[in-house]
Amino acid sequence: MKIIRTRHLAMPALGLGTWRLAGEACMQSVARALGLGYRHIDTAAMYANEEAVGRGLRASGVAREEIFLTSKVWHDHLDPAALRRSCEASLAALDTPYLDLFLIHWPAPGMELGAALEAMMRLRREGKVRAIGVSNFTVALMRRAVEGFGAPIACNQVEYHVLREQNAVLHFARAHEVVVTAYCPLAQGRLAEYPELAAIAAKHATTPAAIALAWLLEQDQVAAIPKAGRESSQRANLAALGLHLDDADRATIAALPKNERFVDPAWAPAWDKAA
Ligand code: NAP
């Protein structure tokens, strides 16, 4: 497994996303993924599956210290007391003494970012979380967090795949030791619509999904967390770690549309605002 190392964390580059997994299916998917060799699991308070994820962790028999576990606080819980309660509820549901990474799931309009980050840092000092970070933060918001408030932001989890560029976020992140975790790395199943990807996949005797993951995983400081409930998908996504694209593949992928955004809720920030 490729490990991304920064001064804030050591994160397996490929993780298992768990959004929309619930109950027994979630528990079994998490346990099976860990059995196959995954060591990074992504959940969130909002997914309402932390208890099942926790059971999956225990059922796998893999030691807690070997697993990189991320959870997130929802954007209506960013005042310090609510943020702490959310973190403690996540720890209780997951039945674990600590998270490896705790993220602000979405910025909230009008949030007191400094107070939220101070509460995150306090949880880090207490050992309840090992690293802190954000999700769906624009460059302007990342700059406020990192430069304005001096927060040790370890990660920004954003939508990133072959149909969505994130050049500005990546540029800022790499300059500040922030890992970019790509969510929806398989474009939520829409890759099949692109014959260019099918052609690259045929050349490598694999699938468009594996090509899309290989493209992300070869990038510096980029992790990917495909959701895969099926064992076949979990295995295929692991195998993508061993794929190597060539310059012709990269040029073909670079020419695909790069402005698709599949997760864009009403509370999303102004994505393209420069400052
Ligand atoms: P995704 O990972 O791009 O796509 C998931 C879909 O792809 C599922 O239907 C899955 O099917 C299928 N799939 C997985 N591996 C495959 C393979 N090798 N071949 C073909 N199909 C495959 O989309 P996502 O679930 O929206 O995003 C991934 C994770 O990112 C989420 O689970 C969540 O943890 C995180 N996320 C975070 C945010 C945020 O705001 N921070 C937002 C969205 C998502 P099966 O399950 O049937 O195998």
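Thresholds, definitions, all that
Residues numbered from 1 in each chain as written. Predicted model: local features only at pLDDT ≥ 70, side-chain atom pairs only at ≥ 80, totals over all residues. Heavy atoms only, no water. Helix = DSSP H or I, 4+ residues; strand = E, 2+ residues; numbered from the N terminus. Buried < 20%, exposed > 50% of the residue type's maximum accessible area, 1.4 Å probe, protein only. Contact = heavy atoms within 4.5 Å. Near = heavy atom within 4 Å. Polar contact = N/O pair within 3.5 Å; in protein donor to acceptor, adjacent residues only side chain to side chain. Areas by Shrake-Rupley, 256 points an atom, 1.4 Å probe, with all protein chains shown as cover. Nonpolar A, V, L, I, M, F, W, Y, C, P; charged D, E, K, R; others polar. Phe/Tyr/Trp six-rings, centres within 6.5 Å; stacked < 30°, edge-to-face > 60°. Lys NZ or Arg CZ within 6 Å of the ring centre and 35° of its normal. Pairing = 2+ DSSP bridges. Axes fitted to C-alpha atoms, helices over the stretch in contact; angles between N-to-C directions. Salt bridge = Lys/Arg side-chain N within 4 Å of Asp/Glu carboxyl O.

**Student:** Quick one: what's the story with the side chain of histidine 75, residue by residue and with numbers?
**Tutor:** By the secondary structure assignment, histidine 75 is in the loop between strand E5 (68–73) and helix H3 (80–94). Accessibility expressed as a relative area gives 17% for histidine 75, which makes it buried. Every residue in contact with histidine 75, bar those within four places of it in the chain, is listed here: Trp106, Pro107, Ala108 and Trp267.

**Student:** Lay out the site of the ligand with the relevant residues and their values.
**Tutor:** Taken together, 27 residues form the shell around the ligand, and within it Asp42, Ser135, Lys227, Gly229 and Asn237 come nearest. Between the ligand and tyrosine 47, the relevant distance is 3.4 Å, taken from a nitrogen atom to a side-chain nitrogen or oxygen of the residue. Between an oxygen atom of the ligand and a main-chain N or O atom of glycine 229, the distance comes to 2.7 Å. Across the complex, the protein chains shield 85% of the 910 Å² of accessible surface that the ligand would expose by itself. For the shell around the ligand, the element with the most residues is helix H9 (residues 231–239), which contributes 3 residues. A breakdown of the residues in the shell around the ligand according to their chemical character gives 13 nonpolar, 10 polar and 4 charged.

**Student:** Go over the packing of aromatic side chains, please, and point to the residues and values.
**Tutor:** Taken as a whole, this structure holds 5 aromatic pairs when the rule is applied. Centre to centre, the rings of tryptophan 19 and tyrosine 47 are 6.3 Å apart; their planes meet at 25°, and the pair counts as stacked. Highlighted residues: tryptophan 19 in the loop between strand E3 (16–17) and helix H1 (23–36) and tyrosine 47 in the loop between strand E4 (40–42) and helix H2 (50–60), separated in sequence by 28 residues. Where tryptophan 74 meets tryptophan 267, the ring centres are 5.5 Å apart and the plane angle is 80°; that geometry is what we call edge-to-face. Taken together, the positions of tryptophan 74 in the loop between E5 and H3 and tryptophan 267 in the segment after helix H10 (247–254) put the pair 193 residues apart, joining distant regions of the chain. Assessed through its relative accessible area of 18%, tryptophan 74 is described here as buried. Among the residues examined, tryptophan 267 registers a relative accessible area of 30% and is labelled partly exposed. A connected cluster of aromatic rings, assembled from ring pairs, spans Trp74, Trp106, Trp267 and Trp271. Here the guanidinium or amino end of arginine 130 rests over the ring plane of tyrosine 98, the centre of that ring lying 3.7 Å away.

**Student:** Tell me about the sheet that holds E4, residues and numbers included.
**Tutor:** Spatial strand order, E3-E4-E5-E6-E7-E8-E9-E10: 8 strands in an open sheet with parallel pairing. Sheet topology places E3 and strand E10 (222–224) at the edges, where each strand pairs with a single neighbour. Pairing between E4 and E5: 3 bridges, direction parallel. Each bridged residue has a counterpart across the sheet, and for isoleucine 41 the counterpart in E5 is leucine 69. Sheet contacts for helix H6 (residues 167–175): strand E8 (153–159), strand E9 (179–183) and E10; angle to E9, the most-contacted strand, approximately 145°.

**Student:** Lay out the pattern of salt bridges in plain terms, naming residues and giving numbers.
**Tutor:** Tallying each qualifying case throughout the model produces 18 salt bridges. Notably, a salt bridge pairs glutamate 177 with arginine 7, separated by 3.2 Å at the nearest N-O pair. Here glutamate 177, found in the loop between H6 and E9, pairs with arginine 7, found in the loop between strand E1 (3–5) and strand E2 (10–12); they are 170 residues apart in sequence, far enough to count as distant. Several salt bridges converge on common partners, so that one network encompasses Arg84, Glu88, Glu126 and Lys128.

**Student:** Would you mind going over unusual backbone geometry in detail, with residue names and values included?
**Tutor:** A positive phi angle is found at glutamate 177, which is not glycine, with a value near 55°. Here the phi dihedral of alanine 187 falls at roughly 50°; this positive angle occurs in a residue that is not glycine. Tracing the backbone shows alanine 187 in the loop between E9 and helix H7 (195–203).

These figures come from the coordinates and say nothing about function on their own.
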